[in-house]
Amino acid sequence: MSYRIGLVGKPSVGKSTFFNAATMNDVPEGAYPFTTIDPTVGEAYVRVDCAAPEFDETCTPSVGVCRDGTRFVPVKLVDVAGLVPGAHEGRGLGNQFLTDLNETDVLIHVVDFSGKTDIEGEATEGHDPREDIDFLEEELDEWYLDVLEKGLEKFETRYHGAAAAIEEELAEQMSAFGIDKDRMKRVILAEGLELDPETWDDDDRAELAKEIRKRTKPMVVAANKMDTPEAQANWGEITSDPDYEHLSFVPASAHAEKALKNADDAGVVDYTPGESDFEVVGDVSGEQGAGLDRIGEFVAEYDGTGVQGALESAVFDVLGCIAVFPGSANGSKDEKGVFRDCFILPEGSTTEDFAFHIHSDIGEGLLHGTDCRSGRQVGTDHELAHRDVIELISTKQAAP
């Protein structure tokens, strides 16, 4: 099962261009609200250093590709439509937007750092991108608070002050956000609150909803249109603002990424997504050459176009995921091929988690694992590390 990255942003900030650049899908683009109405799901990729060269092997990926030792592992990218102020009250695409958003694991918020679109997505000059960052967080916080308040109302109706575990009621109410009672209890206590909602005031409830949102809908800000001087001027001011220390920022130009991928497909340049340089290998006109020179300067200065960087920041930095390769005793092959698979797993995953991720039969019959680099046996509760190569020893095989 692939992780799902939600791509969000107000109208006309380049969100659909970002989606197309990341997936090379062809969804409509345009400088007007709701170019995208229904969520579009595409396949994007995150990069992982392939383990095959360490075993003197050439991998044969079952999905994705491997280019010069870099494995491109699929993730789902969801272009979510409908973000406007008041979405939590049903404005714009309102409830549909929130429902679609909730089916994702992490968010990339595409923000026009050039300040050339206002809060409604209309053309303007000098707009402060911080307003866009704030209004998304505020919309999500209001949404979470609405759900939290419903849970508190149910708790009061059901127990009328009798002793009961508030974390259980709230976890049940907010289960769609992927939070269980133990995690809910930890969040409540981390906020310095008692496990008694009668002691909470309005500010306590609002701050609790915000903290639950931060923990269950983590976010990366893709500072789009960073190839403009206005965006570059805004970058330093915003990323140094202590109010935004809780967010990860990636400088990006979706336009540059899409241009490079189109040029690569046309045989004009040799470009590997995410790299900070490329080679012109085909004939170009003077205008095309000048455009590629500008893109070259941008990717050199910002270590890429930022599209791959935002995807990888979301999966590996914000979610803390790891990539794990299944192997055999010699570290490379199974009966189906050579380093065919690379799986993205949650941080803290164990050998047993890995086995069940591949197939329930393998998990149920798991005896132990083998670290294919060292040859050392590892237990079922062994915590895996990024880029581990693990053979699973099980009494059962996956069903065909």
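Look up a bit, the structure's there.
Residues numbered from 1 in each chain as written. Predicted model: local features only at pLDDT ≥ 70, side-chain atom pairs only at ≥ 80, totals over all residues. Heavy atoms only, no water.

Engineer: I tried to follow the overall build of the chain on my own but got confused; where do I start?
Structural biologist: Secondary structure assignment for the chain yields 12 helices and 16 strands. Counting only residues that meet the buried cut, the chain has 51% of its 400 residues in that class. Looking at the chain alone, contacts between residues at least 24 apart form 66% of all its contacts between residues at least 6 apart. In the structure as shown, the chain presents an accessible area of about 18200 Å², 44% of it carried by carbon and sulfur atoms. (Helix = DSSP H or I, 4+ residues; strand = E, 2+ residues; numbered from the N terminus. Buried < 20%, exposed > 50% of the residue type's maximum accessible area, 1.4 Å probe, protein only. Contact = heavy atoms within 4.5 Å. Areas by Shrake-Rupley, 256 points an atom, 1.4 Å probe, with all protein chains shown as cover.)

Engineer: Looking at this structure, I do not really get helix H7 (residues 229-239). What am I missing?
Structural biologist: Since there are 3.6 residues in each turn of an α-helix, residues three or four apart along the chain are aligned in direction. For H7, every residue scored as buried is listed here: Ala231, Asn234 and Ile238. On an axial view of H7, the arc spanned by its buried residues comes to 65°, and they lie on one face. For H7, the exposed residues lying more than 90 degrees away from the buried face are Pro229 and Ala233. Turning to H7, the residues buried within the fold contact helix H3 (129-159), strand E6 (219-224) and strand E7 (248-251). (Arc of directions from axis to C-beta.)

Engineer: Please explain the nonpolar core as it appears in this structure.
Structural biologist: Side chains of nonpolar character tend, in soluble globular proteins, to be buried together. Counting 53 residues, the largest nonpolar core has Phe113 and Met174 as its most contacted members. The contacts of Phe113, once residues within four sequence positions are left out, are Pro129, Val221, Ala223, Asn224, Met226, Glu230, Ala231, Asn234, Trp235, Ile238 and Phe249. Listed in part, the 40 residues of the second largest apolar core include Phe19, Ala22, Val46 and Val48. (Core = buried A, V, L, I, M, F, W, Y, C linked by side-chain atoms within 4.5 Å.)

Engineer: Just checking my understanding: could you explain the packing of helix H8 (residues 254-265) against helix H9 (residues 286-302) for this structure?
Structural biologist: Two quantities define a packed helix pair, namely the angle between the helix axes and the distance between the axes. In contact at an axis separation of 11 Å, H8 and H9 are set at 120° when each is read in the N-to-C sense. As the angle between them shows, H8 and H9 are arranged oblique. H9 is crossed by H8, and the crossing has left-handed handedness. Here Ala256, Ala259 and Leu260 of H8 come into contact with H9, specifically with Leu292, Ile295 and Val299. Its residues placed into classes, the contact of H8 with H9 shows six nonpolar, no polar and no charged. (Axes fitted to C-alpha atoms, helices over the stretch in contact; angles between N-to-C directions. Parallel < 35°, antiparallel > 145°, perpendicular 65-115°, else oblique. Left-handed = near helix turned anticlockwise from the far one by under 90°. Nonpolar A, V, L, I, M, F, W, Y, C, P; charged D, E, K, R; others polar.)

Engineer: Looking at this structure, how should I read unusual backbone geometry?
Structural biologist: Leaving glycine out, the prevailing phi sign among residues is negative, and the prevailing peptide bond configuration is trans. Non-glycine residue Asp56 carries a positive phi angle of around 55°. Inspection of the secondary structure assignment puts Asp56 in the loop between strand E2 (40-49) and strand E3 (65-67). Positioned with a positive phi, Lys225 is a non-glycine residue whose angle comes to about 65°. Mapped onto the fold, Lys225 is located in the loop between E6 and H7.

Engineer: Before we go on, may I ask you to explain the sheet that holds strand E16 (residues 388-394) in this structure?
Structural biologist: Each strand in a sheet pairs with its neighbour through backbone hydrogen bonds, running either in the same direction (parallel) or in the opposite one (antiparallel). One open sheet accounts for five strands, arranged E13-E10-E16-E14-E15; its pairing is mixed. Taken across any chain shown, the strands that pair with only one partner, and hence form the sheet edges, are strand E13 (343-345) and strand E15 (377-378). With five bridges joining them, strand E14 (residues 366-371) and E16 adopt antiparallel strand pairing. Each bridged residue has a counterpart across the sheet, and for Asp371 the counterpart in E16 is Ile390. Where helix H11 (residues 351-358) meets the sheet, it contacts strand E10 (322-326), E13, E14, E15 and E16, and its direction lies at approximately 130° from that of E13. (Pairing = 2+ DSSP bridges.)

Engineer: Whenever I open this one, the pattern of salt bridges confuses me. Can you help?
Structural biologist: A side chain with one charge can pair with a side chain of the opposite charge if their charged atoms come near. On inspection of all chains with the given rule, the structure shows 22 salt bridges. A salt bridge links Asp79 to Lys15, with the nearest nitrogen and oxygen atoms 2.5 Å apart. You can see Asp79 sitting in strand E4 (residues 70-79) and its partner Lys15 sitting in helix H1 (residues 15-23), a full 64 residues away along the chain. Across this residue pair, the class does not change: Asp79 and Lys15 are buried. (Salt bridge = Lys/Arg side-chain N within 4 Å of Asp/Glu carboxyl O.)

Engineer: Honestly, the packing of aromatic side chains in this entry has me stumped. Any pointers?
Structural biologist: What describes a pair of aromatic rings is the distance from one ring centre to the other and the angle between the planes of the rings. What the rule picks out here adds up to 10 aromatic pairs. Taking the centre distance of 6.4 Å and the plane angle of 65° together, the rings of Phe113 and Phe249 count as edge-to-face. Here the residue Phe113 occupies a position in the loop between strand E5 (106-112) and H3, and Phe249 occupies one in strand E7, the gap between them amounting to 136 residues. Just as Phe113 is buried, Phe249 falls in that class too. For the pair Trp143 and Tyr144, a centre-to-centre distance of 5.6 Å together with 85° between the ring planes defines the contact as edge-to-face. Take Tyr144: its relative accessible area is 0%, and that puts it in the buried class. Ring-pair connections join several aromatic residues into one group, and the members of that group are Phe55, Phe325 and Phe339. (Phe/Tyr/Trp six-rings, centres within 6.5 Å; stacked < 30°, edge-to-face > 60°.)

Engineer: Honestly, the pairing of E5 in this entry has me stumped. Any pointers?
Structural biologist: A regular strand places its side chains on the two faces of the sheet in alternate fashion. With seven of its seven residues buried, E5 lies for the most part within the structure. Neither face of E5 is left uncovered, since the one carrying Val106, Ile108, Val110 and Asp112 and the one carrying Leu107, His109 and Val111 both have all their residues buried. Note that strand E1 (residues 4-8) and E5 share four bridges and pair parallel. Its bridge partner being in E5, Gly6 is matched across the sheet by Leu107. As defined by bridge partners, E5 adjoins E6 across six bridges and the pair is classed as parallel. Following the sheet pairing, Ile108 is matched in E6 by Val220.

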